[in-house]
Amino acid sequence: MLLRLLLLICAPLCEPTGLLLIASPSRPTEGSPVTLTCKMRSLQRSNAQFQFCFFRDSRALGPGWSGSPKLQIAAMWKEDSGSYWCEAQTTTSKVLRSPRSQINVQRIPVADVSLETQPPGGQVMEGDRLVLICSVALGTGNITFLWYKGAKGLNLQTKTQRSLTAEYEIPTVRESDAEQYYCVAENGYDPSPSGLVSITVRIPVSRPVLRLRAPRAEAVVGDVLELHCEARRGSPPILYWFYHEDVTFGSSSAPSGGGASFNLSLTAEHSGNYSCEANNGLGAQRSEVVTLNFTGGRSARDPLRSLPSPVPQEFTYLNSNSPTPVQLQPVYENEPREQSAVHIREQHSSEQKAQKPRGHIGRTRFP
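Since the structure is predicted, the reported quantities are computational estimates derived from the model, not experimental observations.

## Focus: the state of the cysteines
Between two cysteines, a covalent bond joining their sulfur atoms is known as a disulfide.
And step 1. Scanning the entire structure with this criterion turns up 3 disulfides.
And step 2. A disulfide bridge connects Cys 38 with Cys 86, and the sulfur atoms are separated by 2.0 Å. Handedness of the Cys 38-Cys 86 disulfide follows from its S-S torsion of about 75°: it is right-handed. On the criterion of sequence distance, the pair formed by Cys 38 in strand E2 (residues 34-41) and Cys 86 in strand E6 (residues 82-89) is long-range, its members being 48 residues apart. The burial state of Cys 38 is the same as that of Cys 86; both residues are buried.
And step 3. Linked covalently through their sulfurs, Cys 134 and Cys 183 form a disulfide whose S-S length is 2.1 Å. On the sign convention where negative is left-handed, the bridge of Cys 134 and Cys 183, at about 80° about the S-S bond, is right-handed. With Cys 134 in strand E11 (residues 130-138) and Cys 183 in strand E15 (residues 180-186), this residue pair connects regions lying 49 residues apart in the sequence.
And step 4. Judged by its relative accessible area of 0%, Cys 134 is buried.

## Quick notes on the environment of Asp 128
And step 1. Tracing the sequence through the fold places Asp 128 in the loop between strand E10 (123-125) and E11.
And step 2. For Asp 128, a relative accessible area of 38% corresponds to the partly exposed category.
And step 3. A C-alpha to C-alpha distance of 9.5 Å links Asp 128 and Val 201, two positions 73 residues apart in sequence.
And step 4. Non-local contacts of Asp 128, meaning those with residues more than four positions away in its chain, are made with Ile 170, Pro 171, Thr 172 and Val 173.

## Looking at the environment of Ser 24
And step 1. Among the secondary structure elements, Ser 24 is positioned in strand E1 (residues 18-24).
And step 2. In this structure Ser 24 comes out as partly exposed when scored by relative accessible area, which is 45%.
And step 3. A sequence separation of 48 residues divides Ser 24 from Gln 72, and the C-alpha atoms of the two residues are 9.8 Å apart.

## A closer look at the sheet that holds E11
And step 1. The antiparallel open sheet is built from 3 strands, whose spatial order is E9-E11-E14. This sheet does not close on itself; its edge strands, each paired only once, are strand E9 (111-118) and strand E14 (165-170). Here the average twist between neighbouring strands, direction ignored, is 15°.
And step 2. Note: E11 against E14, 6 bridges, orientation antiparallel. Within E14, the position partnered with Ser 135 by the bridge is Thr 165.

Rules and cut-offs
- Residues numbered from 1 in each chain as written.
- Predicted model: local features only at pLDDT ≥ 70, side-chain atom pairs only at ≥ 80, totals over all residues.
- Heavy atoms only, no water.
- Disulfide = S-S within 2.5 Å.
- Helix = DSSP H or I, 4+ residues; strand = E, 2+ residues; numbered from the N terminus.
- Buried < 20%, exposed > 50% of the residue type's maximum accessible area, 1.4 Å probe, protein only.
- Contact = heavy atoms within 4.5 Å.
- Pairing = 2+ DSSP bridges.
- Axes fitted to C-alpha atoms, helices over the stretch in contact; angles between N-to-C directions.

Structure follows, in structure tokens:
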């Protein structure tokens, strides 16, 4: 009887009556920290040295057994949800175990998905690098990002990562990359798309070609000579400048691309070198030189030459937006076929008809 009384008195002084696991916060969201505390109930003996260990689904957490009754978890994720408990013991006591506690980590669905570009603004030079940056304002856990091109939604790339942003890169932009793009993000809930972003590919102008056209086989002073300058490639609008002996004398624009013309009323002073320049703000390009020379006519002793034969007529467009071709007058030539020529004749008195000044237009070729 006395022994039983001593045991009843000693029991609360020798060991705790139980353990309790406390999680703070009890319903964590993904990415947030959690503190697990192994709390002893009815512990009367203050000098007892206990070792603690925390478990989730039969797997020990952290460093294993330690002298601290707390375990700090830096970030909890959806896959960390499960059944948790703790154990405690001394070198002489049996192992005590807390009841199991279910901890469910809350995932936040993605929201406010946006697509941005680098460089910003959606305009990029042909040959440069383009980055499409997909971002979410809200969302936790592993997020899957998908990039799409065009109205048909061609999937370009898919990435899954634990991040609020992801990037898709086009290392070298081509003209065919000009399109609308969007991205989609999801983390296990309904996918959330971004808005559409339009990409404009800016193309520098190519070297333009200058052509001179006269209204007749032998144009007289006072006739109108058309100077037509055209760059085959280049983003509109394109501004064309026309030069005589490297001095500009006129300009014309092509708001929708293509070529542009400038009309010149011929005088004897118009002999010399002509060229044109194309510029769309991405760099200027100058054409080859076309030379217009006035030369003396043949003397009476010169053998007769056959009249120049017309070059086959060709069709051209007035501008890139015109669907109907316009037929220009034939250009005659009295030089090798690789050079274009237009003859220019001044009005003279009947006494000077034997020697008529003539002019020709020849293209200067560069090696």
